Amino acid sequence: MAGLKRRVPLHSLRYFISMVGLFSKPGLLPWYARNPPGWSQLFLGTVCKGDFTRVIATKCQKGQKSQKKPSHLGPLDGSWQERLADVVTPLWRLSYEEQLKEELHVQKEIVKEFFIRGPGAACGLTSLYFQESTMTRCSHQQSPYQLLFGEPYIFEELLSLKIRISPDAFFQINTAGAEMLYRTVGELTGVNSDTILLDICCGTGVIGLSLAQHTSRVLGIELLEQAVEDARWTAAFNGITNSEFHTGQAEKILPGLLKSKEDGQSIVAVVNPARAGLHYKVIQAIRNFRAIHTLVFVSCKLHGESTRNVIELCCPPDPAKKLLGEPFVLQQAVPVDLFPHTPHCELVLLFTR
């Protein structure tokens, strides 16, 4: 056979493999056997039909009946099949969930490399977090943030305070604009040393803490636990001792908190809700607590739910809606532009009664 030249059509894989298998030397190819009984006849007969896969799966001893053709190559026991699977599909030994975790780890390392030593290093990131979610908006409680590198918090200097910010906490990204916004709120509240400042939806507590030195006490309510922890840290770091912050839904905490303060002391309320506005029970509690004579409402979206809040604050008493206290009157509206070159403005509303 050494002197015979024959052109092998490479486009026919089965034909090519069968020819190589027929003329290979012992031990050169994985499917070559050292002529066990009954093997040669089965091998030659099968490859001539072009069914190479059956050669691997159905080798048998002479005189034995052929078993039913299996749906796979059989158990992987460190043989050539196992080595081939390791090369072609290196993750075959892992479950699908484990495969995803392994691939996700690779992607995290790629992102870290981009921001640490790659083109992204120009951004000068101090913290890089990763969150896995199937939703457009997901909290830390639903899917915890994972710190890929850097500090676990962002620290900001604002109104002479050092502020700590967790990854899930809300904070205005325009620092100079935020300072103007909070100064405006402080001016409209008119707080003094005899006043309790009630900061509803307080976030990281910046509004209340920036006014703490001018009031007798600051009471903050915030749904997000991480933000409340930030507010407490900021108060302690800046030496503010006349503040307390409560975690939970304002509609559940506020009524009980107000009852504990019925001692005739004047209360000024500041509300800074999300776009969904204030819960109806919060409006009820504010309306029905007579000690609240001043209310500053910070709105990032006045139309929609915030408009409903304004109507409920200013409408005549309505026993059917449990709005028993005297109505508030809108005294002043101050727009603050935190987002230049856009039509969006924060609107600060002053209500008194």
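These notes cover the structure that comes with them.

With respect to the side chain of Thr189
Part 1: Note that Thr189 resides in helix 6 (residues 175-189).
Part 2: Taking the relative accessible area as the measure of exposure, Thr189 reaches 4% and is therefore buried.

Quick word on a nonpolar patch on the surface
Part 1: A surface patch of nonpolar side chains, amounting to about 310 Å² of accessible area, comprises Leu84, Val87 and Val88.
Part 2: Note that Leu84 resides in helix 4 (residues 80-88).

Focus on the nonpolar core
Part 1: Of all hydrophobic cores here, the largest spans 37 residues; its most connected members are Leu158, Tyr182 and Val348.
Part 2: For this core, the secondary structure elements donating two or more residues are strand 4 (161-165), helix 6, helix 7 (206-210), helix 8 (225-237), strand 8 (267-271), strand 9 (292-299), strand 10 (329-336) and strand 11 (346-352).
Part 3: With five residues, the single largest contributor to this core is helix 6.
Part 4: Formed by 30 residues, the second largest nonpolar core is a distinct cluster that contains Ile200, Leu219, Leu278 and Leu323.

Points about the sheet that holds strand 7 (residues 243-247)
Part 1: Ordered in space as 7-6-5-8-9-11-10, the seven strands form an open sheet in which the pairing is mixed. The sheet is open, and its two borders are formed by strand 7 and strand 10, each paired with just one other strand. Direction aside, neighbouring strands of the sheet carry axes that sit 15° apart on average.
Part 2: Bridge analysis of strand 10 against strand 11 gives seven bridges, and the strand direction is antiparallel. In the strand pairing of strand 11, Pro335 is matched with Leu347.
Part 3: Taken strand by strand, helix 8 contacts strand 6 (217-222) and strand 7, and its axis lies near 170° from that of strand 7.

Some remarks on helix 4
Part 1: Among the residues of helix 4, Gln81, Glu82 and Ala85 are the ones counted as buried. In an axial view of helix 4, the angular spread of the buried residues amounts to 100°, which keeps them on one side of the axis. In helix 4, the exposed positions that point more than 90 degrees away from the buried face belong to Arg83 and Val87.

Focus on the layout of surface pockets
Part 1: Estimated volume of the largest pocket: approximately 1200 Å³.
Part 2: The wall of the largest pocket is formed by 45 residues, among which Phe170, Glu222, Asn272, Pro273 and Ala274 lie closest to the centre.
Part 3: Elements with a contribution of two residues or more to the lining of the largest pocket: helix 6, helix 7, strand 6, helix 8 and helix 9 (250-259).
Part 4: Here the residues of the lining of the largest pocket are counted per class, giving 25 nonpolar, 12 polar and eight charged.

A closer look at the packing of helix 10 (residues 280-288) against helix 11 (residues 302-314)
Part 1: Axis separation between helix 10 and helix 11 bottoms out at 10 Å; the angle between their running directions is 30°. As judged from the angle between their axes, helix 10 and helix 11 are roughly parallel. Crossing hand, helix 10 versus helix 11: right-handed. Residue-level inspection shows Tyr280, Ile283, Ile286 and Arg287 of helix 10 in contact with helix 11, the latter providing Arg308, Asn309, Glu312, Leu313 and Cys314.
Part 2: Along the lines of polarity and charge, the residues of the contact of helix 10 with helix 11 split into five nonpolar, one polar and three charged.

Details of the environment of Glu225
Part 1: Here Glu225 lies in helix 8.
Part 2: The partly exposed category is assigned to Glu225, whose relative accessible area is 43%.
Part 3: Non-local contacts of Glu225, meaning those with residues more than four positions away in its chain, are made with Gln141 and Thr247.

Some thoughts on the packing of helix 9 against helix 10
Helix packing geometry: the angle between the two helix axes and the distance between the axes.
Part 1: At a minimum axis distance of 8 Å, the contact between helix 9 and helix 10 shows a crossing angle of 15°. Relative to helix 10, the element helix 9 is oriented roughly parallel. Along this stretch, helix 9 crosses helix 10, giving a crossing that reads as left-handed. For the pair helix 9 and helix 10, the contacting residues are Ala250, Glu251, Leu254, Pro255 and Leu258 in the first and Lys281, Val282, Ala285 and Ile286 in the second.

Conventions used here
Every chain's residues receive numbers from 1 upward, in the order its sequence appears when written. Totals for whole chains, interfaces and linings use every residue, but because this is a predicted model, local features are given only for residues with pLDDT of at least 70 and side-chain atom pairs only at 80 or more, for both listing and counting. Water and hydrogen atoms play no part in the side-chain values, which are based on all heavy atoms of the structure. Helix numbers and strand numbers start at the N terminus; a helix is a DSSP run of H or I with at least 4 residues, a strand a run of E with at least 2. A simple rule labels every residue: compare its accessible area, found with a 1.4 Å probe on the protein chains alone, to the largest value its type can have, and call it buried under 20%, exposed over 50%, or partly exposed in between. In this scheme, patches are assembled from residues that exceed 30% relative accessible area and form no salt bridge. Like charges are connected within 9 Å, while nonpolar side chains (Val, Leu, Ile, Met, Phe, Trp, Tyr) are connected within 5 Å. Accessibility throughout is a Shrake-Rupley quantity obtained with a 1.4 Å probe, and a residue counts as covered only by protein chains that appear here. What counts as a salt bridge is simple: a side-chain nitrogen of Lys or Arg found within 4 Å of a carboxyl oxygen of Asp or Glu. Put simply, a nonpolar core is a bunch of buried Ala, Val, Leu, Ile, Met, Phe, Trp, Tyr and Cys residues held in one set by side-chain atoms that sit within 4.5 Å of each other. What makes two strands pair is DSSP finding at least two bridges between them. Axis definition: a line fitted to C-alpha atoms, over the contacting stretch in the case of helices. Angles run 0 to 180 degrees between N-to-C directions. By the convention used here, residues are in contact when the closest approach between their heavy atoms is within 4.5 Å. Taken from the helix axis, the directions to the C-beta atoms give the arc we talk about. Cavity: a set of points on a 1 Å grid over the protein atoms alone where a 1.4 Å probe fits but cannot get out. Pocket: an open set with protein on both sides within 12 Å along at least five of seven lines, its lining residues, like those of a cavity, having an atom within 4 Å of a point. Grid points are joined across faces, edges and corners, and a volume is the space filled by probe spheres set on the points. Ten residue types, Ala, Val, Leu, Ile, Met, Phe, Trp, Tyr, Cys and Pro, are classed as nonpolar, four, Asp, Glu, Lys and Arg, as charged, and the remainder, Gly among them, as polar. Should an angle fall under 35 degrees it is taken as roughly parallel, and over 145 as roughly antiparallel, whereas 65 to 115 is taken as roughly perpendicular and any remaining angle as oblique. Note: crossing handedness is left-handed where the near helix turns anticlockwise from the far helix by less than a right angle, and right-handed where it turns clockwise.

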